Amino acid sequence: MEGFDYVIQRPPQPKLCFGSTITREAAPLEGPAQSNIMRATMPELLAPELAPGSYNISYFSKVSHPALNAGIYSKRGFGPMASPSPRFKTDEVVIGPSIGEYDAYKTKPLKPSVKPFGSSISRWQEKPKLAVPGPGTYIAKQRKDIKRHSFGSHIKVIPATRTLCKPENFDTCQCCAKKPEVDYWKNLKTERVLCRACMEKEVDDAIRHSRTKSVMMSRLAALREFRRVRHCSYYHRHDKTTAAVQFVSNRDLKRKFHIENYLSMFE
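Predicted, not measured: the structure shown is a model, and the values here were computed from it.

Caption draft 1: A look at the side chain of Asn169. Within the secondary structure, Asn169 sits in the loop between strand S3 (162-164) and strand S4 (183-187). Filtering out sequence-adjacent residues up to four positions away, Asn169 remains in contact with Lys179, Tyr184 and His231.

Structural data, given as structure tokens:
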């Protein structure tokens, strides 16, 4: 259409917004903007003309303003220091057994026995010692037969016990002063002699009665220098001379050495 100006006009903003024309206040003290909760919690005792610095409130005496005095019910005042309750409460200690730690049934008093546990046998008794070692009480040395070879010639078995060949045996034990029988111990450097019984006592005394471990080790080291020896009278005789006459066959002697070498592993 010619000669017509098309103008878009914005409609006017309505006066009513959100269903009410009342001015919104953050904390209204009076008027229709107050709700029921506001009227209950903010009575009309606080007049609108009150402002900071226009009233006087003392926290150490009874407050004269009726709005603040309405919530005070104690003559001590209000605040954390006006409470009579203890600051730190302690747990109550009950003197008595707890649940499950007592017996509700009465027990009869026990009469003391004449003999403890009704037995007169001594508590500690010495167990009989076995003549042979029990299982696991010895250590096998795994010692093999020591043989002396001579490049294809005769093989000689070296016995576990060294034999001293001499016309007379004058060795005596330095502990019990007795002449040892069969096998005994001798230190070939110091010529000290110990019988089998005294040797066992010396070892036991070194292990059990040494003051320190170093003393025990030194005593045992000195006893390890002793070698088991025997006199040659078990297979030949001298007849008070240096000559030796053998009365046991080599076969029986070799068999004897084999058995002794085997039994020496379980000493």
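What follows picks up the thread again.
Caption draft 2: Representation of the packing of aromatic side chains in the model. Following the criterion strictly, the structure yields one aromatic pair and no others. Summarising the aromatic geometry, the rings of Tyr234 and Tyr235 are spaced 5.0 Å apart at their centres and angled 55 degrees between planes, so their arrangement reads as tilted. Of the residues examined, Tyr234 reaches a relative accessible area of 22% and is grouped as partly exposed. For Arg230, the ring lying beneath its charged end belongs to Tyr234, and the centroid distance is 5.1 Å.

Caption draft 3: The arrangement of the sheet that holds S4 in detail. The sheet built from four strands is open, its strands ordered S3-S6-S4-S5 with mixed pairing. A single partner strand is all that each edge strand has here, and the edge strands are S3 and strand S5 (192-194). Neighbour-to-neighbour, the strand axes of this sheet turn through a mean angle of 45 degrees, independent of strand direction. Relative to S5, S4 runs antiparallel, the two being bridged by three bridges. Note that in S5 the partner of Trp185 across the bridge is Leu194.

Caption draft 4: Molecular detail of the pairing of strand S6 (residues 227-231). Here S6 lies mainly inside the structure; four of its five residues are buried. In this structure, S4 lies alongside S6, joined through four bridges in antiparallel fashion. Directly across from Tyr184, in S6, lies its bridge partner Val229.

Caption draft 5: The arrangement of the confidence of the model for the protein in detail. Per-residue confidence for the protein averages 77 on the pLDDT scale, and 75% of its residues sit at or above 70. Averaged pLDDT values over the elements of the protein bottom out at 52 in helix H2 (residues 66-69) and peak at 92 in helix H4 (residues 213-224). Low pLDDT, under 50, characterises residues 59-63; the stretch is placed with eight contacts to residues that sit more than four places away or in other chains.

Caption draft 6: Structural view of a nonpolar patch on the surface. On the surface, Ile259, Tyr262, Leu263 and Phe266 cluster together into a nonpolar patch covering about 380 Å² of accessible area. Structurally, Phe266 is set in the segment after helix H5 (250-263). We classify Phe266 as partly exposed; its relative accessible area is 33%.

Caption draft 7: Layout of unusual backbone geometry. Here Ala177, not a glycine, exhibits a phi torsion of approximately 60 degrees, which is positive. With respect to the helices, strands and loops of the structure, Ala177 is situated in the loop between S3 and S4. A positive phi angle, near 65 degrees, is found at Lys240, a position not held by glycine. Along the chain, the position of Lys240 falls in the loop between strand S7 (236-237) and strand S8 (245-246).

Caption draft 8: Looking closely at the pattern of salt bridges. Under the criterion given, the structure shown has nine salt bridges. The residue Asp171 makes a salt bridge to Lys186 at a minimum N-O spacing of 3.4 Å. With Asp171 in the loop between S3 and S4 and Lys186 in strand S4, the pair connects residues that are 15 residues apart, well separated along the chain. According to the relative accessible area criterion, Asp171 is buried, its value standing at 11%. By relative accessible area, Lys186 is classed as buried at 6%. Among the salt bridges present, the one from Arg230 reaches Glu260, with a minimum N-O distance of 3.1 Å. Of this pair, Arg230 sits in strand S6 while Glu260 sits in helix H5, and the two are 30 residues apart along the sequence.

Thresholds applied
- Residues numbered from 1 in each chain as written.
- Predicted model: local features only at pLDDT ≥ 70, side-chain atom pairs only at ≥ 80, totals over all residues.
- Heavy atoms only, no water.
- Helix = DSSP H or I, 4+ residues; strand = E, 2+ residues; numbered from the N terminus.
- Contact = heavy atoms within 4.5 Å.
- Phe/Tyr/Trp six-rings, centres within 6.5 Å; stacked < 30°, edge-to-face > 60°.
- Buried < 20%, exposed > 50% of the residue type's maximum accessible area, 1.4 Å probe, protein only.
- Lys NZ or Arg CZ within 6 Å of the ring centre and 35° of its normal.
- Pairing = 2+ DSSP bridges.
- Axes fitted to C-alpha atoms, helices over the stretch in contact; angles between N-to-C directions.
- pLDDT = per-residue confidence, 0-100.
- Patch = residues over 30% accessible without salt bridge, like charges linked within 9 Å, V, L, I, M, F, W, Y side chains within 5 Å.
- Areas by Shrake-Rupley, 256 points an atom, 1.4 Å probe, with all protein chains shown as cover.
- Salt bridge = Lys/Arg side-chain N within 4 Å of Asp/Glu carboxyl O.

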